[in-house]
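So you can see what is in the structure, the chains are spelled out below.
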Amino acid sequence: MFEVREKPDQVERALLVGFYFKSDEEAEARALLLELEELVDTLGIGVVGMELIRVRAQHKAFICGTGKSDEVVELAREKNCDCLIVDNGLSPSQQRNWEGKAGITVIDREEVILDIFAKRASTKEAQLQVQLARMEYALPRMAKMWGHLDREGGGGRRRRRSFARNGRAAD
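It should be emphasised that the depicted structure is a prediction, and the values quoted were computed from it without experimental measurement.

K.L.:
Which parts of the structure should I look at to understand the sheet that holds strand β3 (residues 83-86)?
P.N.:
Judged by pairing direction, the sheet is parallel, and its four strands sit side by side in the order β2-β1-β3-β4 without closing on themselves. Single-partner strands in this sheet number two, and they are β2 (46-54) and β4 (105-108). Sheet twist, expressed as the average angle between the axes of neighbouring strands with direction ignored, equals 20°. Pairing of strand β1 (residues 13-20) with β2, which is carried by eight bridges, proceeds in the parallel orientation. The partner of Tyr20 across the bridge, within β2, is Arg54. Here helix α2 (residues 66-78) sits on the sheet and contacts β1, β2 and β3; the angle it forms with β1, its principal contact strand, is near 160°.

What follows is the structure in structure tokens.
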């Protein structure tokens, strides 16, 4: 099966994190975090803690500021988590930033749902649809992974040969 990045075979301990931006969104964010807990439980992953964080201004790097992200990573380390699950959708760069900072697997709600569908897909058509959805989800996360291959190298000028119709080189 197609996997974009290495994931541990069995994730056992996860910290759930949800972010909300306005004080009147707190109740809905809490309900969504509890729903995420049930989704994660469906995968057989143990939830060791849940954090609901109010963010005053959204930041590109982590959704929250670097101070809050440091606190979340420290909490994950204290609880000996091997996975951080974010209730909000993460952009590919945010996911890479979190993984780089935490040193553990970081996934979002969408990836949890895709894993549930993959686990329950029984027909060949369902398995193919889940595989396609995973690939579409992974495509933007693959950007810049092989950037080192697209650089042209070499130096000096090369003399181009033109080929005549008979396939022989004509200078």
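Next comes the rest of the description.
K.L.:
Explanation requested: the packing of aromatic side chains in the structure shown.
P.N.:
Between two aromatic rings, the relevant description is the distance of the centres plus the angle of the planes. Applying the stated criterion across every chain, the model contains two aromatic pairs. Residues Phe19 and Trp98 carry aromatic rings whose centres are separated by 6.4 Å and whose planes lie at 35° to one another, so their mutual orientation is tilted. Of the two residues, Phe19 is situated in strand β1 and Trp98 in helix α3 (residues 92-102); the sequence distance between them amounts to 79 residues. Residue classification places Trp98 among the buried positions, given a relative accessible area of 0%. Note on Phe62 and Trp98: the rings are 5.3 Å apart at their centroids and 80° apart in plane angle, and the pair reads as edge-to-face. On the criterion of sequence distance, the pair formed by Phe62 in the loop between β2 and α2 and Trp98 in helix α3 is long-range, its members being 36 residues apart. Taken as a pair, Phe62 and Trp98 share a single burial class, namely buried. Cluster of aromatic residues (ring-pair linked, three or more members): Phe19, Phe62 and Trp98. Above the plane of the ring of Phe62 lies Lys101, whose end atom (NZ or CZ) is 4.6 Å from the centre.

What counts and what doesn't
- Residues numbered from 1 in each chain as written.
- Predicted model: local features only at pLDDT ≥ 70, side-chain atom pairs only at ≥ 80, totals over all residues.
- Heavy atoms only, no water.
- Pairing = 2+ DSSP bridges.
- Helix = DSSP H or I, 4+ residues; strand = E, 2+ residues; numbered from the N terminus.
- Axes fitted to C-alpha atoms, helices over the stretch in contact; angles between N-to-C directions.
- Contact = heavy atoms within 4.5 Å.
- Phe/Tyr/Trp six-rings, centres within 6.5 Å; stacked < 30°, edge-to-face > 60°.
- Buried < 20%, exposed > 50% of the residue type's maximum accessible area, 1.4 Å probe, protein only.
- Lys NZ or Arg CZ within 6 Å of the ring centre and 35° of its normal.

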